[in-house]
Amino acid sequence: MVIELIIKNDLKELTSNHVKLEKLYKSACGMIEITQDKHTTELKRVEKRLSQLQNEFQKLFQAYSQSIISLEQFQAQNQLIIAEQNSMNQRKADLEKQVGERDIMEEQLKDFKKQVSKVARLDFDNEQILKIVIHRVVQKIEISDTGTVKEIHYNFINPLSHGT
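Notes on the structure in this doc start here. (Residues numbered from 1 in each chain as written. Predicted model: local features only at pLDDT ≥ 70, side-chain atom pairs only at ≥ 80, totals over all residues. Heavy atoms only, no water.)

## As for the nonpolar core
Rules: Among buried residues, those of type Ala, Val, Leu, Ile, Met, Phe, Trp, Tyr and Cys that are joined through side-chain atoms within 4.5 Å constitute a nonpolar core. Categorising residues by exposure relies on relative accessible area from a 1.4 Å probe, with only protein chains included: less than 20% of the type maximum marks a residue as buried, more than 50% marks it as exposed, and the intermediate range marks it as partly exposed. Comment: elements are numbered from the N terminus, with helices defined as DSSP H or I runs of at least four residues and strands as E runs of at least two. A contact between two residues is defined here by any heavy atoms of the two lying within 4.5 Å.
By size, the foremost hydrophobic cluster in this structure holds 11 residues: Leu-43, Val-46, Leu-50, Leu-53, Leu-60, Ala-63, Ile-69, Phe-74, Ile-81, Met-88 and Leu-95. Of all the elements, helix H2 (residues 18-65) adds the most residues to this core, at 6 residues. Among residues more than four places away in sequence, those in contact with Val-46 are Met-88, Arg-91, Lys-92 and Leu-95. Formed by 8 residues, the second largest nonpolar core is a distinct cluster that contains Leu-130, Val-133, Val-138 and Tyr-154.

Next up, the structure:
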């Protein structure tokens, strides 16, 4: 069957070269590190800006309480500070969530490595084993209007495709 042949070739290609697999794993780990470093750096920048905004508010309030600025000036400037604080707080929450996803991404990488290792040890020429593997690793097969295989979706998560 054509679909089985395509899947068999995909799996053989994925598992055939140990050097390529190690490069894939290292690349995925590297991408996780780079992404996390970017998120951590931006999180520190956002926290610093939130601190600056708090200081700006304190200076603004002091200027108002000393009658250096009017109530209207205070309110206008305060609205700008509040708007930026809200934006920064939302970004901070998003970044904290993304930094927390590191463990999830590492777990997905471990699962991916485990699945690939299992598949690498299988005899794809044995039809029974191939059918079992196909049922375990294939999530969905898209067929075009002409009846050819359009795309095959696998059950395992490729850690390199995780959003950054």
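## With respect to unusual backbone geometry
Located in the positive-phi region is Ser-67, a residue other than glycine, with phi close to 60 degrees. Its place among the elements puts Ser-67 in the loop between H2 and helix H3 (71-100). Accessibility expressed as a relative area gives 63% for Ser-67, which makes it exposed.

## Here's the deal with the pattern of salt bridges
The condition is simple: By definition, a salt bridge exists where a carboxyl oxygen of Asp or Glu is found within 4 Å of a side-chain nitrogen of Lys or Arg.
If you walk through the whole model with that rule in mind, you get 5 salt bridges. The partner of Glu-56 in a salt bridge is Arg-49, with the nearest N and O atoms 3.1 Å apart. Here Glu-142 makes a salt bridge to Lys-140, at a shortest N to O gap of 4.0 Å. Overall, the relative accessible area of 23% leaves Glu-142 in the partly exposed class. Members of the salt-bridge network, linked through shared partners, are Glu-42, Arg-45 and Arg-91.

## Structural notes on the packing of aromatic side chains
Here is the rule we go by: The pairing test for Phe, Tyr and Trp rings, Trp by its six-membered ring, is centres within 6.5 Å, and the orientation test on the planes gives stacked under 30 degrees, edge-to-face over 60, and tilted for anything in between.
Counted under the stated rule, the structure contains 4 aromatic pairs. Note on Phe-61 and Phe-74: the rings are 6.2 Å apart at their centroids and 65 degrees apart in plane angle, and the pair reads as edge-to-face. Of this pair, Phe-61 sits in helix H2 while Phe-74 sits in helix H3; the two residues are 13 residues apart in sequence, bridging distant segments of the chain. Accessibility expressed as a relative area gives 43% for Phe-61, which makes it partly exposed. Through pairs of rings, three or more aromatic residues link up here, namely Phe-57, Phe-61, Tyr-64 and Phe-74.

## Notes on helix H5 (residues 127-137)
For clarity, the threshold we go by: This arc is taken over the directions from the axis of the helix to the C-beta atoms.
Among all positions in H5, only Leu-130, Val-133, Ile-134 and Val-137 are buried. One side of H5 carries all its buried residues, which in axial view fall inside an arc of 100 degrees. Residues Gln-128, Ile-132, His-135 and Arg-136 are exposed on H5 and point more than 90 degrees away from its buried face.

## Considering H3
Applicable threshold: The span you would expect from a helix comes to 1.5 Å times its residue count less one.
Under the 1.5 Å per step criterion, the end-to-end length of H3 is 42 Å for 30 residues, consistent within 8% with the ideal 44 Å. Restricting attention to buried positions, one finds in H3 the residues Phe-74, Asn-78, Ile-81, Gln-85, Met-88 and Leu-95.

Honestly, it's all geometry; don't read function into it.
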